[in-house]
Amino acid sequence: MKRVALIGHPLGHSVSPAMQNAAFAALGLAWQYLTLNVPPESLPPALDELRRESWVGANVTIPHKERVIRLLDGLTGQARSVGAVNTIFKREGRLVGDNTDVAGFLADLRAQGVEPEAETAVVLGAGGAARAVACALASLGMGLHIVCRREAQGLALAQAVDRLAPVKIFPWTAESFRQAAGGCSLLVNATPLGMAPASRVSPWPREVPLPEGAFVYDLVYNPRRSSLVRRAQHEGLRASGGLGMLVEQGALALERWTGATAPRAVMRRAAVARLEALDVAVPDRR
Ligand code: NAP
């Protein structure tokens, strides 16, 4: 049986196995999508395991998206420009790293009716997902205000995108959030803050107003309406959680592994069913 792995640590209650296994079944493939809980020191042996013939590829998540690069045989142009890998596929036995978060994010933003233009976005976080978001927006000429708690991480991100668009880095303080919000038409949370089970947490300080008139996109998809999304909607802003991005990045990854068109509706239904099951399992999640 062919297998695909989700490599991360910790993996918690991931939605991807339900989504990908439903897609394999809908395509008539007797394939299995399995989670591999891999702490950082075990990443090299996990990649060796992936080289065995039964594995078709993998998804890569927290905290390995950047570190996995040096263990791969090649990268797509997208993965190279982002500096982070969320999908591994095989070409003639070689492990190739790709990044489907960029296209997944942009596709969902557009599905929400947001057309990023030559404006400015505030992005929270500077990790793997923030890199994908920043590359996506900068490639469209959007200026970036990155708010992050480690300056070195922010500067490394800026270095990856500042040839495409202007980038400013802000420290993680209430005053910086206030400054970074100025003139921004889009706010993207690319930190895990607000993710279940800590779903009452918001990355945006309570005492700082959200950017006026902005669209708020939270990459967190569990819970489906995060604390940040609920606040934005309560204040009359348009806002979305990251479920649409999750489905699209997964669909694009599946297309790399199988060569088939992904059954997106099936994947979305499976992801929603899994999230609803998790919600029932932990009643105080909202
Ligand atoms: P990551 O590489 O670990 O980066 C997380 C970023 O958030 C880092 O800059 C990290 O800073 C920062 N951060 C974490 N905790 C923080 C805190 N308490 N205060 C301030 N900053 C904090 O993770 P990632 O892969 O980018 O994922 C980030 C989030 O996006 C996760 O919730 C993930 O599930 C979500 N995501 C969603 C999708 C989707 O399809 N919807 C796709 C990708 C990712 P440090 O490095 O200093 O910790």
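Residues numbered from 1 in each chain as written. Predicted model: local features only at pLDDT ≥ 70, side-chain atom pairs only at ≥ 80, totals over all residues. Heavy atoms only, no water.

## Quick look at the site of the ligand
Reasoning step 1: Near the ligand you find 23 residues, and of these Ala126, Ala129, Arg149, Arg150 and Gln153 are the closest.
Reasoning step 2: Between the ligand and the protein, one listed contact pairs an oxygen atom with a side-chain N or O atom of Arg150 at 2.7 Å.
Reasoning step 3: At 2.9 Å, a side-chain N or O of Gln153 approaches an oxygen atom of the ligand.
Reasoning step 4: Taking 920 Å² as the accessible area of the ligand by itself, protein coverage stands at 83%.
Reasoning step 5: Taken atom by atom, the bulk of the ligand overlaps the largest pocket. (Near = heavy atom within 4 Å. Polar contact = N/O pair within 3.5 Å; in protein donor to acceptor, adjacent residues only side chain to side chain. Areas by Shrake-Rupley, 256 points an atom, 1.4 Å probe, with all protein chains shown as cover. 1 Å grid on protein atoms, 1.4 Å probe; cavity = no way out; pocket = protein on both sides within 12 Å on 5 of 7 lines; lining within 4 Å. Sits in = over half its atoms within 2 Å of the grid points.)

## Overview of the packing of helix H5 (residues 128-139) against helix H6 (residues 151-161)
Reasoning step 1: Contact geometry of H5 with H6 gives a least axis separation of 10 Å together with a crossing angle of 30 degrees. In terms of crossing hand, the pair formed by H5 and H6 is right-handed. Residue-level contacts link Ala130, Arg131, Ala134, Cys135 and Ala138 of H5 to Ala156, Leu157, Ala160 and Val161 of H6.
Reasoning step 2: Each residue belonging to the contact of H5 with H6 can be placed in one class, and the counts come to eight nonpolar, no polar and one charged. (Axes fitted to C-alpha atoms, helices over the stretch in contact; angles between N-to-C directions. Helix = DSSP H or I, 4+ residues; strand = E, 2+ residues; numbered from the N terminus. Left-handed = near helix turned anticlockwise from the far one by under 90°. Contact = heavy atoms within 4.5 Å. Nonpolar A, V, L, I, M, F, W, Y, C, P; charged D, E, K, R; others polar.)

## Observations concerning the nonpolar core
Reasoning step 1: Core analysis: the biggest nonpolar cluster contains 34 residues, and Phe105, Leu137, Leu144 and Leu219 have the highest contact counts within it.
Reasoning step 2: Broken down by element, the residue count for this core peaks at nine residues, all from H5.
Reasoning step 3: Every residue in contact with Leu137, bar those within four places of it in the chain, is listed here: Phe105, Leu109, Pro116, Ala121, Val123, Met142, Leu144, Leu186 and Val188.
Reasoning step 4: Judged by nonpolar contacts, the second largest core, of 24 residues, contains Phe89, Leu243, Leu246 and Met267. (Core = buried A, V, L, I, M, F, W, Y, C linked by side-chain atoms within 4.5 Å. Buried < 20%, exposed > 50% of the residue type's maximum accessible area, 1.4 Å probe, protein only.)

## Section: the pairing of strand S1 (residues 3-8)
Reasoning step 1: Burial analysis of S1 places five of its six residues in the buried class, the great majority of the element.
Reasoning step 2: Bridge count for S1 against strand S2 (residues 32-37) is six bridges, and the pairing is parallel. Bridge assignment links Ile7 to a residue of S2, and that residue is Leu36.
Reasoning step 3: At this point the chain moves from S1, through helix H1 (residues 16-26), to the parallel S2, and the crossover so formed is right-handed.
Reasoning step 4: Sheet topology note: the S1/strand S3 (residues 55-60) ladder contains five bridges and is parallel. Paired with Val4 across the two strands is Gly57, which belongs to S3. (Pairing = 2+ DSSP bridges. Right-handed = clockwise from strand over helix to strand, strands pointing away.)

## Here we look at the sheet that holds strand S4 (residues 74-75)
Reasoning step 1: If you walk across this open sheet you meet the six strands as S2-S1-S3-S5-S6-S4, and the pairing is mixed. Two strands close off the open sheet at either side, each with one partner strand: S2 and S4.
Reasoning step 2: Inspection of the sheet shows strand S5 (residues 87-91) paired to strand S6 (residues 94-98) by five bridges, in the antiparallel sense. Paired with Thr87 across the strands is Asp98, a residue of S6.

## Points about unusual backbone geometry
Reasoning step 1: With an omega of 0 degrees, the peptide bond between Ile62 and Pro63 qualifies as cis.
Reasoning step 2: Summarising the element assignment, Pro63 is placed in the loop between S3 and S4.
Reasoning step 3: Residue Asn222 is joined to Pro223 through a cis peptide bond whose omega torsion reads 10 degrees.
Reasoning step 4: Among the secondary structure elements, Pro223 is positioned in the loop between strand S11 (215-218) and helix H8 (227-234).

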